[in-house]
Protein chains: 2
Amino acid sequence: MSAADESDALLENLIAKEILPQSGNWEGTEEFLNRIVQVLLKYIKDQNDRDQKILEFHHPDKMQMLIDLSIPEKPENLLKLVKSCEDVLRLGVRTGHPRFFNQISCGLDLVSMAGEWLTATANTNMFTYEIAPVFILMEKSVMTRMWEAVGWDPEKADGIFAPGGAIANLYAMNAARHQLWPRSKHLGMKDIPTLCCFTSEDSHYSIKSASAVLGIGADYCFNIPTDKNGKMIPEALEAKIIECKKEGLTPFFACCTAGSTVYGAFDPLERVANICERHKLWFHVDAAWGGGMLLSPEHRYKLAGIERANSVTWNPHKLMGALLQCSACLFRQDGLLFQCNQMSADYLFQQDKPYDVSFDTGDKAIQCGRHNDVFKLWLMWKSKGMEGYRQQINKLMDLSNYFTRRIKETEGFELIIENVSWPEFLNICFWYVPAKIRNLEPAEMRARLEKIAPKIKAGMMQRGTTMVGYQPDKQRPNFFRMIISNQAITREDLDFLIKEIVDIGESLE
Amino acid sequence: MSAADESDALLENLIAKEILPQSGNWEGTEEFLNRIVQVLLKYIKDQNDRDQKILEFHHPDKMQMLIDLSIPEKPENLLKLVKSCEDVLRLGVRTGHPRFFNQISCGLDLVSMAGEWLTATANTNMFTYEIAPVFILMEKSVMTRMWEAVGWDPEKADGIFAPGGAIANLYAMNAARHQLWPRSKHLGMKDIPTLCCFTSEDSHYSIKSASAVLGIGADYCFNIPTDKNGKMIPEALEAKIIECKKEGLTPFFACCTAGSTVYGAFDPLERVANICERHKLWFHVDAAWGGGMLLSPEHRYKLAGIERANSVTWNPHKLMGALLQCSACLFRQDGLLFQCNQMSADYLFQQDKPYDVSFDTGDKAIQCGRHNDVFKLWLMWKSKGMEGYRQQINKLMDLSNYFTRRIKETEGFELIIENVSWPEFLNICFWYVPAKIRNLEPAEMRARLEKIAPKIKAGMMQRGTTMVGYQPDKQRPNFFRMIISNQAITREDLDFLIKEIVDIGESLE
């Protein structure tokens, strides 16, 4: 028998309870894990091969016939599990492929991935120093770098890693409410004034969602208009605050977006900070996407004023490229998170431990158990250093400039936002207008354009060669939103996308 | 040079940007990842060796001197990263060690771990079928098994994987509010009646926390007394509901705990369901810990009535042994999650896609990006089958019986809850009373006992041999809470713990 056949035979005759931890069979354990690693390494290699497809698209009903997703009555043997892993990866979408431009979180940083493998193996919970001593200290160390990047005094700042930016934004709004009306924690919203908050119409929907969840109400989260570049108009914000006050509402929270989801716009932080100070509002910056720009001295100015924020959401799983999920909610002032969220669960967070319990973080979280999201970030950050991030982010901005230039000079492409200093960030929004509709009347062109991007996208998915997102906005028909955040991207990949869009676009009926 | 030296030399001369995905150096990439895997395999092997310690305890200030947690200016080479991984694991707590009894989530299932490694490598987000086709269908398949286990019609049920039980409970309470007062989503809590909810005094603090976060107020979440076995007293619940109504409050939500955190008690679900029906309350079951018992036909009766719940929290990362985090919030009725949480983010969840968009889950979640928590559960469940879980859970209950018997017959140990049918679950709470204080007056004994468990625990951590949690309750001084959830546990491990407690307890000053 060949070595491969021997391995197959070994695993085919084993089930899970016959390896560690239920049995002492180390040979079987090692062989199983090594085979899984081989599957993963092959996937990684293929994913980085530009000649390989990003996906094989199948509709849900077909997909269900290609893989057995059912939970069986009897255990499946280890060989079958290895094969299942191969199938799952084969039928999935290679989100780390250098030509997958579909999401803000793209790419697969292999050091961060190695970190996540270790996190899985260590499998610990982040609530106490007792069970996660190194990781708890690591959170503090990593956050210190983040606080410094924001421009805060690390001795006074606070923060928590949250499961995604939406929950991070919810943490911020909850803390803001608590600071203003601490009694609401105990007595709810009934006896306090009617609160309201503000965010730009181009901000992430999680701000409105937080307002709904917290019992403030989605309709009391007001959308402030943006200018033609997608930036919040400060005058409109102040006018709305004044109007709300006149109507008897109590404005308490304003959110600026630093790197908006669709356009990648940065709201004018300094001017909004002035307004928040004038009207005594909590100033939150949702830098989930744009926070990484703080690590580039060349581009940091786009977030000038962020140090005046009371809270900042910053997702290292976006621009910094950490694996999903890695999201931080940072606070300028220490103490509030604890006051706001602690529920005196003495049975979990005892005070009579043999070490300094101020290191226990459980009582600061809305979550009880909390996944270790810091290790994959820490290891990756060590692997790049401050210098490496600076280079990486500047390189991505260079690519963004290159792509914008290519879009401008290629026939049929039209930028959504265009001015001298554009692109400001790594989102590039554009239409492709196929030759045959270029000379239509505006109304008809608009109607036709609405259907072009979805058709081109469907063509990409059928071919499996590349993926890029699209959406309409309040005034424009469907357009593409290109995101350049994968560190693997080259100019050739950008040229490829343009060529592919033209090719599919011109072949449409 | 030896092979090991060659490997070291190769990695010492490489930094992250010189391997995939930024560079095409496959040899370096493979070597780095293989070295990481070697570190992890060694850790797994050692962790399962009972002669190895669970931890080397160091106070925070000392720990900070043993490992360099800082983020550097320059990149660190790949060899240094491998060494860092070794250090982090060496200084951490081996939560998968068969003698770590400290948390409800214990043990390291290696199939689930392999699943989490793959999840990291696939690194995708769960919001749409477009980017996570297999995993989205897998969620449905796994949830179908969970809905069936609860006793619901899978055609009508709904659910979502949440980052931990606390957020799952928050999902449930939010949906309950929405069903009763859908306008609160838009208009907040100001114009609706004063809501109140109920949970037992031994329930998890996240129920109260959800009430605070949602703007209902922690004080409007009433604690219902429990009987001597830690179970909610239904008569007390109904009396409190009636009292609240008289005071002009609007009761809307009652939570039963199935497997309480400290005592492992199961509330009387049928009787509470009757009360909820009578008073038209949403009936939630927090089975975060106890949900796994549904998979044992022999023990399922302890959750009889769960099929009458409107929502159920069930954490496969607890009794089922999935890696952290894996938590489901299940709903009997489809549709509500979507109504409650969707924010019409057309720019993310487009309707004009080339496939059936009802498979997209993004709009049901409070989170936007959502980690893939299903794969590690699915692969593990395949590896055991329904049959394997039945055996595993029954085996743990046998061990729980064994341990209880040993505690009863060993001098100096005293059970907190004791009756004929005990233990009901996998928590065993007890004191150890050292010989020298056994004959003290009750008041003095109590005062001394308060300090015994912390001292014994500190002794265990110094020795590094075992770990078990302790806490006081409202009427009792500190006692140990033993948890038998790690599938690796044997009777010898339980005997070891008893011997260790006696040994440390008798050596105390």
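Residues numbered from 1 in each chain as written. Chains lettered and ligands numbered in written order. Predicted model: local features only at pLDDT ≥ 70, side-chain atom pairs only at ≥ 80, totals over all residues. Heavy atoms only, no water.

Describing the overall build of chain A
Right, on to step 1. Each helix and strand counted, chain A has 15 helices and 12 strands in total.
Right, on to step 2. Dimensions of chain A, computed from the C-alpha atoms along their principal axes, are close to 85 × 75 × 45 Å.
Right, on to step 3. Taken over 509 residues, chain A has a buried fraction of 69%.
Right, on to step 4. The contacts in chain A between residues at least 6 apart in sequence include a share of 73% that link residues at least 24 apart.
Right, on to step 5. Accessible area for chain A stands at about 17000 Å²; split by element, carbon and sulfur atoms hold 49% of it.
Right, on to step 6. Placing the 58 positive and 66 negative side-chain charges of chain A at their respective mean positions leaves the two points 5 Å apart. (Helix = DSSP H or I, 4+ residues; strand = E, 2+ residues; numbered from the N terminus. Buried < 20%, exposed > 50% of the residue type's maximum accessible area, 1.4 Å probe, protein only. Contact = heavy atoms within 4.5 Å. Areas by Shrake-Rupley, 256 points an atom, 1.4 Å probe, with all protein chains shown as cover. Lys, Arg positive; Asp, Glu negative; His and termini not counted. Charge placed at Lys NZ, Arg CZ, Asp CG, Glu CD.)

Here we look at the pairing of strand β7 (residues 311-314) of chain A
All names here are of chain A.
Right, on to step 1. Residues of β7 alternate between two faces, with Ser311 and Thr313 on one and Val312 and Trp314 on the opposite face, all of them buried.
Right, on to step 2. Where strand β6 (residues 282-286) and β7 come together, 3 bridges link them in parallel fashion. Considered in β7, the bridge of Val285 is made with Val312.
Right, on to step 3. Both β7 and strand β8 (residues 327-331) contribute to a ladder of 4 bridges, which runs antiparallel. Opposite Trp314, over in β8, you have Ala328 as the bridge partner. (Pairing = 2+ DSSP bridges.)

Brief notes about the environment of B:Asn25
Residue and element names in this part refer to chain B.
Right, on to step 1. With respect to the helices and strands, the residue Asn25 is situated in the loop between α1 (3-12) and α2 (26-47).
Right, on to step 2. Among the residues examined, Asn25 registers a relative accessible area of 24% and is labelled partly exposed.
Right, on to step 3. Separated by 11 residues in sequence, Asn25 and Leu14 have C-alpha atoms that sit 10.0 Å apart.
Right, on to step 4. Excluding its chain neighbours within four sequence positions, the residues that come into contact with Asn25 are Leu14, Glu18, Ile19 and Leu20.
Right, on to step 5. A polar contact is formed between the side chain of Asn25 and the backbone nitrogen of Gly28, at a distance of 2.8 Å. (Polar contact = N/O pair within 3.5 Å; in protein donor to acceptor, adjacent residues only side chain to side chain.)

What about helix α15 (residues 491-507) of chain A?
Right, on to step 1. Relative to the 24 Å expected for 17 residues at 1.5 Å per residue, α15(A) spans 25 Å between its end C-alpha atoms, a close match to the ideal helical length.
Right, on to step 2. Within the sequence span of α15(A), burial applies to A:Asp493, A:Leu494, A:Phe496, A:Leu497, A:Ile498, A:Glu500, A:Ile501, A:Ile504 and A:Gly505. (Expected span 1.5 Å × (residues − 1).)

Comments concerning the pattern of salt bridges
For side chains of opposite charge, pairing can occur when their charged atoms come near one another.
Right, on to step 1. Taken as a whole, this structure holds 68 salt bridges over all chains when the rule is applied.
Right, on to step 2. Residue A:Lys384 pairs with A:Asp109 through a salt bridge whose shortest N-O separation is 3.0 Å. Residue A:Lys384 is found in helix α13 (residues 375-409), and its partner A:Asp109 is found in the loop between β1 (100-101) and α5 (110-122); the two are separated by 275 residues along the sequence.
Right, on to step 3. We note a salt bridge from B:Glu76 to B:Lys80, for which the minimum N-O separation is 3.8 Å.
Right, on to step 4. Using a relative accessible area of 43% as the deciding quantity, one classes B:Lys80 as partly exposed.
Right, on to step 5. Look at the salt bridges and you will find they share partners, linking A:Asp68, A:Glu76, A:Lys80 and B:Lys382 into a network. (Salt bridge = Lys/Arg side-chain N within 4 Å of Asp/Glu carboxyl O.)

Details of the relation of the copies chain B and chain A
Right, on to step 1. Aligned on chain A, chain B shows an RMSD of 0.0 Å; the corresponding rotation is 180° and the shift along the axis is 0.0 Å. Put plainly, the chains are arranged around a two-fold axis.
Right, on to step 2. A share of 100% of the interface residues of chain B reappears at the interface of chain A, consistent with the copies meeting face to face through the same patch. (Least-squares fit on C-alpha atoms with pLDDT ≥ 70 in both.)

Structural notes on the domain arrangement of chain A
Residue and element names in this part refer to chain A.
Right, on to step 1. Here chain A is partitioned into domain 1 (3-94), domain 2 (125-183 + 192-371) and domain 3 (380-507).
Right, on to step 2. With centres defined by C-alpha atoms, the gap from domain 2 to domain 3 works out at 30 Å.
Right, on to step 3. Tallying the contact residues gives 32 residues for domain 2 and 27 residues for domain 3.
Right, on to step 4. Both sides of the domain 2 and domain 3 interface together cover about 2500 Å² of buried area, and 63% of this is carbon and sulfur.
Right, on to step 5. If you sort the residues of domain 2 by the area they bury against domain 3, Tyr263, Trp289 and Met320 come out on top, with a joint share of 26%.
Right, on to step 6. Where domain 2 meets domain 3, there are 3 salt bridges.
Right, on to step 7. Lys231 serves as the salt-bridge partner of Glu424, at 2.7 Å between the closest nitrogen and oxygen.
Right, on to step 8. At the junction of domain 2 with domain 3, the criterion picks out 14 residue pairs in polar contact (both at pLDDT 80 or more).
Right, on to step 9. For the side of domain 2 that touches domain 3, the per-class residue count stands at 13 nonpolar, 12 polar and 7 charged. (Domains from an automatic or database assignment. Buried area = accessible area lost by both parts, 1.4 Å probe. Nonpolar A, V, L, I, M, F, W, Y, C, P; charged D, E, K, R; others polar.)

Details of the interface of chain B and chain A
Right, on to step 1. Each partner contributes residues to the interface: chain B has 151 residues there, and chain A has 151 residues.
Right, on to step 2. Between chain B and chain A the total buried area reaches about 14000 Å² when both faces are included, carbon and sulfur atoms providing 65% of it.
Right, on to step 3. Applying the counting rule to chain B against chain A returns 10 salt bridges.
Right, on to step 4. A salt bridge links B:Lys74 to A:Glu387; the shortest N-O distance between them is 2.5 Å.
Right, on to step 5. Linking chain B with chain A are 68 residue pairs in polar contact (both at pLDDT 80 or more).

A word on the sheet that holds strand β2 (residues 158-162) of chain B
Residue and element names in this part refer to chain B.
Right, on to step 1. Overall, mixed pairing links the 7 strands, which are arranged β2-β8-β7-β6-β5-β3-β4 in an open sheet. Whereas interior strands pair on both sides, the edge strands pair on one side only; in this sheet they are β2 and β4 (221-224). Strand-to-strand twist across the sheet, computed as the mean angle between neighbouring axes with direction ignored, equals 20°.
Right, on to step 2. Note that strand β3 (residues 195-200) and β4 share 4 bridges and pair parallel. (Axes fitted to C-alpha atoms, helices over the stretch in contact; angles between N-to-C directions.)

Here's the deal with the environment of B:Gly159
Residue and element names in this part refer to chain B.
Right, on to step 1. Inspection of the secondary structure assignment puts Gly159 in strand β2.
Right, on to step 2. A residue is classified by how much of its surface remains accessible, and Gly159, at 6% relative accessible area, is buried.
Right, on to step 3. The spacing of Gly159 and Cys276 is 117 residues in sequence and 21 Å in space, taken between C-alpha atoms.
Right, on to step 4. For Gly159, the contacting residues outside a window of four places in its chain are Met143, Trp147, Cys329, Leu330, Phe331, Leu337 and Lys364.

Some points on the packing of aromatic side chains
Note on aromatic pairs: each is described by the distance of the centres and the angle between the planes.
Right, on to step 1. What the rule picks out here adds up to 35 aromatic pairs over all chains.
Right, on to step 2. Summarising the aromatic geometry, the rings of A:Trp431 and A:Phe479 are spaced 6.4 Å apart at their centres and angled 80° between planes, so their arrangement reads as edge-to-face. Here A:Trp431, found in strand β10 (residues 427-432), pairs with A:Phe479, found in strand β12 (residues 479-483); they are 48 residues apart in sequence, far enough to count as distant.
Right, on to step 3. Looking at A:Phe479, the relative accessible area reads 0%, which means it is buried.
Right, on to step 4. Consider the rings of B:Trp381 and B:Tyr389, whose centres lie 6.0 Å apart with planes at 90°: the pair is edge-to-face. (Phe/Tyr/Trp six-rings, centres within 6.5 Å; stacked < 30°, edge-to-face > 60°.)

Re the nonpolar core
Right, on to step 1. A:Phe32 and B:Phe32 are the most contacted members of the largest nonpolar core, which has 388 residues in total.
Right, on to step 2. Look past the residues within four positions of B:Phe32 in its chain and what remains in contact with it is A:Leu110, A:Val111, A:Ala114, B:Leu11, B:Ile19, B:Leu78, B:Leu81 and B:Val82. (Core = buried A, V, L, I, M, F, W, Y, C linked by side-chain atoms within 4.5 Å.)

Re the sheet that holds β12(A)
Think of a sheet as strands paired side by side through backbone hydrogen bonds, with each pair either parallel or antiparallel.
Residue and element names in this part refer to chain A.
Right, on to step 1. Here we have 5 strands laid out as an open sheet, ordered β1-β11-β12-β10-β9, and mixed in their pairing. Looking along the sheet, the strands with just one partner apiece sit at the ends: β1 and β9 (413-415).
Right, on to step 2. Sheet analysis places β1 next to strand β11 (residues 467-471), joined by 2 bridges and oriented parallel. The residue of β11 that forms the bridge with Phe101 is Val468.
Right, on to step 3. The strands that α13 touches are β9, β10 and β12; relative to β10, the one it contacts most, it runs at about 15°.
Right, on to step 4. Sitting on the sheet, α15 is in contact with β1, β9, β10, β11 and β12, with an inclination near 25° to β10.

Some remarks on the UniProt feature "modified residue: N6-(pyridoxal phosphate)lysine" (unreviewed entry) in chain A
All names here are of chain A.
Right, on to step 1. The feature "modified residue: N6-(pyridoxal phosphate)lysine" (unreviewed entry), as annotated in UniProt, sits at Lys318 in this numbering.
Right, on to step 2. Along the chain, Lys318 falls in the loop between β7 and β8.
Right, on to step 3. Among all residues touching Lys318, those that are not within four sequence positions of it are Ile104, Ser105, Ala288 and Trp289. (UniProt positions renumbered as here; feature names shortened; annotations may be inferred.)

Some details on helix α5 (residues 110-122) of chain B
Residues and elements named next belong to chain B.
Right, on to step 1. The first and last C-alpha atoms of α5 sit 18 Å apart over 13 residues, in line with the 18 Å expected at 1.5 Å per residue.
Right, on to step 2. Most of α5 is tucked away: 13 of the 13 residues are buried.
Right, on to step 3. Between a side-chain oxygen at the N-terminus of α5 and the backbone nitrogen of Val111 the separation is 3.0 Å; the capping residue is Asp109.
Right, on to step 4. Asn123, located one to two residues past α5, shows a positive phi value of around 40°.

As for the packing of helix α1 (residues 3-12) of chain A against helix α4 (residues 78-91) of chain A
All names here are of chain A.
Right, on to step 1. Running from amino to carboxyl end, α1 crosses α4 at an angle of 115°, the nearest separation of the two axes being 6 Å. In terms of their interaxial angle, α1 and α4 are classed as roughly perpendicular. Each of Asp8, Leu11 and Glu12 in α1 lies in contact with α4, whose residues at this interface are Leu78, Leu79 and Val82.
Right, on to step 2. In the contact of α1 with α4, the residues fall into 4 nonpolar, no polar and 2 charged. (Parallel < 35°, antiparallel > 145°, perpendicular 65-115°, else oblique.)

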